[in-house]
Amino acid sequence: MSASEVANAFVQHFYNQFDTNIENLASLFTERSMMTFEGNQYGGQQAIMQKLREIGQVQHTAKSIDIQPSTNDQAIIVFVTGSIKIGGDNPLHFCEMFQLVQSAPGQWTVFNDVFRLNYGL
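What you see is a predicted model, and the numbers here were worked out from it, not measured in a lab. (Residues numbered from 1 in each chain as written. Predicted model: local features only at pLDDT ≥ 70, side-chain atom pairs only at ≥ 80, totals over all residues. Heavy atoms only, no water.)

Draft legend 1. Structural view of the overall build of the chain. Secondary structure assignment for the chain yields 2 helices and 6 strands. Along its sequence from the N terminus, the chain presents helices and strands in the succession α-β-β-α-β-β-β-β. Each of the 121 residues in the chain was classed as buried or not, and the buried ones make up 38%. Taking all contacts inside the chain whose residues are at least 6 apart in sequence as the whole, residues at least 24 apart take part in 43%. Once the 6 positive and 11 negative side-chain charges of the chain are each reduced to a mean point, those two points are 5 Å apart. (Helix = DSSP H or I, 4+ residues; strand = E, 2+ residues; numbered from the N terminus. Buried < 20%, exposed > 50% of the residue type's maximum accessible area, 1.4 Å probe, protein only. Contact = heavy atoms within 4.5 Å. Lys, Arg positive; Asp, Glu negative; His and termini not counted. Charge placed at Lys NZ, Arg CZ, Asp CG, Glu CD.)

Okay, here's the thing in structure tokens:
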């Protein structure tokens, strides 16, 4: 698969699982994964999943996806913009950046995840 195909499939899977069954995201993170959520850093699968669970019920709509190769053929940078409804409230704009790293042929994990809400747009 090309970087574009991997990234697009990842984004669809990630937000679908986040919105419907968050526990399915655990396999995408490792103990080396890092996430920055609204300026707060979380390291490792357990801490990241704890934070994601705390957010509660959400609904994501991805609007744009930008993809770049990273440091080698086994890493991809993915930048997503879109809207998110948290707990059924009005949608807010968000941006999220992922660095995906290939862990085995056809298998990718999240090495870095940076999430920000965009206020005042």
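Draft legend 2. Summary view of the pairing of strand β2 (residues 40-43). Relative to β2, strand β1 (residues 29-37) is paired through 4 bridges, and the arrangement is antiparallel. Bridge pairing in β2 places Met34 opposite Gly43. Count of turn residues in the β1/β2 antiparallel hairpin: 2 residues, of which Glu38 carries a positive phi of about 55°. (Pairing = 2+ DSSP bridges.)

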